[in-house]
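# Structural description and commentary
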Amino acid sequence: MSEWFVQKTYYRDLVNQDDPGKAALQLGAKLAAAEPHDEEELSTVRYAQGEVYYRLFDLESAMFKWQQVTGELSPWAVKNIGDAYYELESYELAKETYHSVSTDHPDLQVETALQLVAVYAREKARDEVYEWLHKALAVDRSYPDLTELAKSVYEDYQDWQRAVDLAVEEGKRTGDSGWYDDLLDYIKHGRTDHMTPEYFEHPLIHLGSMNHELFKETIGALTSRYRGTGSYLYWVGTMNRVFAEVETSRGPEWETMAALHHDIYLDLTNGDYLEAEIEPVMPDLLRHWELLAASSSTVIAAAAQAAWNEVYPEKETLPAFQGKENGSHASLAVEEMLRLLESILSWSSAEDGDREGTLEQLRRDLRGIPDVDALLQQQKDVTFDRVSWLEDLRQNEEKAAVTAGQLSRAVENLLSRLEEQQVTVQSQLESSISFYEHMLTRFESFAHVLSQEKEARKSSILETYQTMKQMQKEQFESNVPSLIKAADDVLDEEKSVKTLHDDLNAAMNLRLRSFVHEELFPVFRKSVQHWLRTTEKELQEADASMREESTSLNDDIGEEAVRLGLDLQLVNDWKRDLTRMINRTDLPEENIMSRLEPKQILSRTVGKLFGDMQQSRSFVLQQYRRYLEEDDFSDISETLSYKLFFEFDLFERAVEADVESAYTDVQADLDELTETYRTHLEHTKKELAEVQQHPEYFFDPLKIFDMRQKQCSRLIEENAAGR
C-alpha cells in the first residue's frame, strides 16, 4: 500500500479508475454520498481527491483537500502538501511542511527525508543533504533506489571516502557484485589511494568467496596503486591475510595471481627494502605463490622458498615443495638471472657506485653473450628483442644451460665485488674526511695570509702615492710666493697706473700657470708613471703569489678547482685616469690682488683717481712693491694647491677602494670554495656515521640478492639433475 501513497495512486483503489478526470467525478459522488459524521470515510475520499487534483496540476485544490484529512492518512497528506509547494517552487514552505511531518511509518520517514534531500541539494546545503540522506539510510537501506541515490550524491560531492564505504557496506549486505565493480572503479581511478591497505581485508575476503574474477582484478588494481608507495609492505601483509582466508587451487584459474606474487617477490628483493622489512611478509607470500603456481612457474616458486630457507634459516620455515615438475628449467633460470642482474645494477647505480667499472667487469664475465651485454648497458643504438631471445633459448635447452651457467658466475662475481667495495667504503670516507679537513685548514691559513697581505699592499700603494703627491704639492706651494713676487716687473714707471692692478694680477696667474705646465706637471707626470710601474709590479707579484698558491692547492686537490688571482686591469684603469687628469688639469684664474689690505686698496684708489700724475704714480708703485716684498703669500699658496690637486686627492680615495675591492673579490672566491668543502665535509661525516650505525642499508640488499642468486642456482642444479 505504501507504493500507492508514494506514487499518489491511492485514488485508484477507491474508484477503480485510471483517468484523473473521471476519477474526480466519481470521488465527488463518493464524498456527497458519505455520512457527514463519518470522518474516516470523508478523510479517505478527500485524500484521494487531493491525489487526483495533484495529477491534474490543480495544486491549490489538492492542498485544500489534503488540509482537511485527519487520522492515519494525515501524515501522508502533510507530506503531499510539501510536494505541492515543491512543484510550485515555494521551497521554504516545502521545507517547513516536510519538517512538520510526524510519523513512525518507515516508508513515509524515508520519503520525507528524500524530499528534504532534494530541497537542500537545490540550495547547495551539503551538510543538510548529508543529514537527511543519512537519516533515510538509517531507517531502511533497502528502500528502492536509496543506496543508488546515496552513491550519486557522494560522487557528485567527490566524497570518495563515503562512496567507498557505501560500496563496501552494500556489497557485503546485498552480495551484489555490482557494488564491488564500483569499488574496483574507485581503486583504478585513485579514489582509495589515501586509505590504508587494512581497510580492504574483509571486503576482499568476502569478494573472494563470491566472485573469483572480480576478486583477482581488484587484487591486481590495489597492488598497482600501492606499488612504490610507503604502504606497499602493509598491502603485501594484507594480501597475505586475504589469501589465507580465500579458497584457491593450483591451476590456470589462479595463474595470474601466481604471476602477481612473483612480481611482488621481485619488488621486495630489488634492493629497495631491508631484511627486517620484508621478513614479516615474505614467508606467507612465498607459500601462497607456490600454492597458486601451476606448470613451470611452480618450480620458480619452490626454488625461491628453498633459497629463502637457506639464506634465512632463523626466519619462519616454509614447507618444502614436494611435487616435481618435468622438463628443463635452464631457460627459466636465464630469465630470472636477467631480472636479478638488472636489479643489482639499478641498485648499485643508485648507491653512487662505480657503474662504468661494474659494467666493464660484467662485460668480461659475460663475454660470449653479447645480447645480454647490450641489454644491461641499455645502449640506444642497440636493439634487443628480449622475448625472441628467450624463446630461442627455450627451444635450445643446451644453449640455455650454458648461458645460465655463465650468468650465474657473473652474478656471483658481481656480488663479491660489491661486497668488497663496501668493505673499503668506510676507509674511503675516513680518507675523504681527512682530505677535506686538511684542505679547509689550508684555505683558512691562506685566507689569513690574504687578509694581512691586503692591508700591507694597500698601505704600501697608498703611502707611495701620497708621498709622490705631497712632494708635488710642496714643490708647487714653495714656488708660489717667488712666482708672485716675480711679477714686480710689471711695476713699470711707463705703464698706466689705472690698469696696473689688473695687469699685476694677470702677470701673477700667467707665471703660475707657466710653472705648472712647464716645470711642475712634467716632473709630476714622470713621478706618476714611476708610481704606476712600481704599483703594477707590486700587484703582479701579489697575483703571482696567489696563482702559485692556487697551483699548490690544486695539486693537493687533484684537479683545477682553485683559480685565485688579482684583476690587474685596475692598473690600466689608474693609468688612464691619471693621464686624463694631468692632461686636463689647469690652474684656475685666481684674483690674487683681491686680497689687498686697506692701505693697499688705497693705493689702487689713488691710482684711479689721480691717473698718471707723476707724484701719484710713484706713490702707487711704491705701495705695490712694498706689498709684494712684505707678504709671504702662504694662504694663496694653500688655496691654489688645493684647487690644483683636488682631483688627485679624490683619486687617492679611489686607489684605496680599488685595492680593497680587488682583494675582496679574491676573498669571496676563497670563501665560496671554503664553504663548498665545508659542506662536503659535513655530508661525508654524516655518510660515515650512517655507514657505521646502519650497515644493513648496504649489506641487507646484497644478502637478498644472494638469496635470489641461490634461487637461480637451484633451477640450474635441478636442470642438470634432470638431463
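For the structure itself, consult the block above.
These remarks concern the structure in this document.

Criteria and thresholds
Residues numbered from 1 in each chain as written. Predicted model: local features only at pLDDT ≥ 70, side-chain atom pairs only at ≥ 80, totals over all residues. Heavy atoms only, no water. Helix = DSSP H or I, 4+ residues; strand = E, 2+ residues; numbered from the N terminus. Rg over C-alpha atoms; globule rule 2.2 N^0.38 Å. Buried < 20%, exposed > 50% of the residue type's maximum accessible area, 1.4 Å probe, protein only. Contact = heavy atoms within 4.5 Å. Areas by Shrake-Rupley, 256 points an atom, 1.4 Å probe, with all protein chains shown as cover. Lys, Arg positive; Asp, Glu negative; His and termini not counted. Charge placed at Lys NZ, Arg CZ, Asp CG, Glu CD. Core = buried A, V, L, I, M, F, W, Y, C linked by side-chain atoms within 4.5 Å. Patch = residues over 30% accessible without salt bridge, like charges linked within 9 Å, V, L, I, M, F, W, Y side chains within 5 Å. Salt bridge = Lys/Arg side-chain N within 4 Å of Asp/Glu carboxyl O. Phe/Tyr/Trp six-rings, centres within 6.5 Å; stacked < 30°, edge-to-face > 60°. Lys NZ or Arg CZ within 6 Å of the ring centre and 35° of its normal. Axes fitted to C-alpha atoms, helices over the stretch in contact; angles between N-to-C directions. Parallel < 35°, antiparallel > 145°, perpendicular 65-115°, else oblique. Left-handed = near helix turned anticlockwise from the far one by under 90°.

### Thoughts on the overall build of the protein
Counting its secondary structure elements, the protein contains 31 helices and zero strands. Taken over C-alpha atoms, the radius of gyration comes to 53 Å for the protein, far larger than the 27 Å a tight globule of 723 residues would show. Projected onto the principal axes, the alpha-carbon positions of the protein cover approximately 160 × 100 × 45 Å. Going through the 723 residues of the protein one by one, you find that 46% of them count as buried. Within the protein, contacts between residues separated by at least 24 positions form 74% of all contacts whose residues are at least 6 apart in sequence. Split by element, the accessible area of the protein, about 36,500 Å² in all, is 47% carbon and sulfur. Here the protein carries 77 positive and 139 negative side-chain charges, and the mean point of each set is 7 Å from the other.

### Focus: the nonpolar core
Residues Tyr 47, Phe 215, Ile 219, Tyr 265, Leu 268 and Trp 289 are the most contacted members of the largest nonpolar core, which totals 131 residues. Broken down by element, this core gets its largest block of residues, 11 residues, from helix H20 (residues 330-350). Other than its neighbours up to four places away in sequence, Leu 268 contacts Tyr 232, Leu 233, Val 236, Tyr 273, Ile 278, Val 281, Met 282 and Leu 285. Core analysis: the next-biggest nonpolar cluster, separate from the first, contains 73 residues, Met 439, Phe 515, Leu 587 and Leu 681 among them.

### Examining the environment of Leu 415
By the element assignment, Leu 415 lies in helix H24 (residues 397-485). As a C-alpha pair, Leu 415 and Ile 344 span 71 residues in sequence and 8.4 Å in three-dimensional space. Dropping the residues within four chain positions of it, Leu 415 is found in contact with Ile 344, Leu 702, Phe 705, Asp 706 and Gln 709.

### Describing a negative patch on the surface
The grouping of Asp 145, Glu 148, Asp 176, Asp 181 and Asp 185 at the surface amounts to a negative patch. Mapped onto the fold, Asp 176 is located in the loop between helix H11 (160-174) and helix H12 (177-188).

### Digging into the packing of aromatic side chains
Scanning all chains against the criterion turns up 33 aromatic pairs. Through pairs of rings, three or more aromatic residues link up here, namely Trp 4, Phe 5, Tyr 10, Tyr 47 and Trp 76. Above the ring of Tyr 54, the side-chain terminus of Lys 8 is found at 4.9 Å from the ring centroid. Taking NZ or CZ as reference, Lys 216 lies 5.5 Å from the ring centre of Trp 254, over its face.

### Details of the packing of H20 against H24
For any two helices packed against each other, one specifies the inter-axial angle together with the distance between the axes. Axis separation between H20 and H24 bottoms out at 9 Å; the angle between their running directions is 25°. In terms of orientation, H20 and H24 fall into the roughly parallel class. Judged by the twist between their axes, the crossing of H20 over H24 is left-handed. Residue-level contacts link Ala 330, Ser 331, Ala 333, Val 334, Met 337, Leu 340, Leu 341, Ile 344, Trp 347 and Ser 348 of H20 to Glu 397, Ala 400, Ala 401, Thr 403, Ala 404, Leu 407, Ser 408, Val 411, Leu 414, Leu 415 and Leu 418 of H24.

### Description of the pattern of salt bridges
Scanning the entire structure with this criterion turns up 49 salt bridges. A salt bridge links Lys 95 to Glu 92; the nearest nitrogen and oxygen atoms lie 3.2 Å apart. Highlighted residues: Lys 95 and Glu 92, both in helix H7 (residues 91-99), separated by three residues, approximately one helical turn. Among the ionic contacts, a cluster of salt bridges with common partners joins Glu 335, Glu 336, Arg 339, Glu 391 and Arg 394.

Honestly, that's just the spatial picture; any functional story needs more than this.
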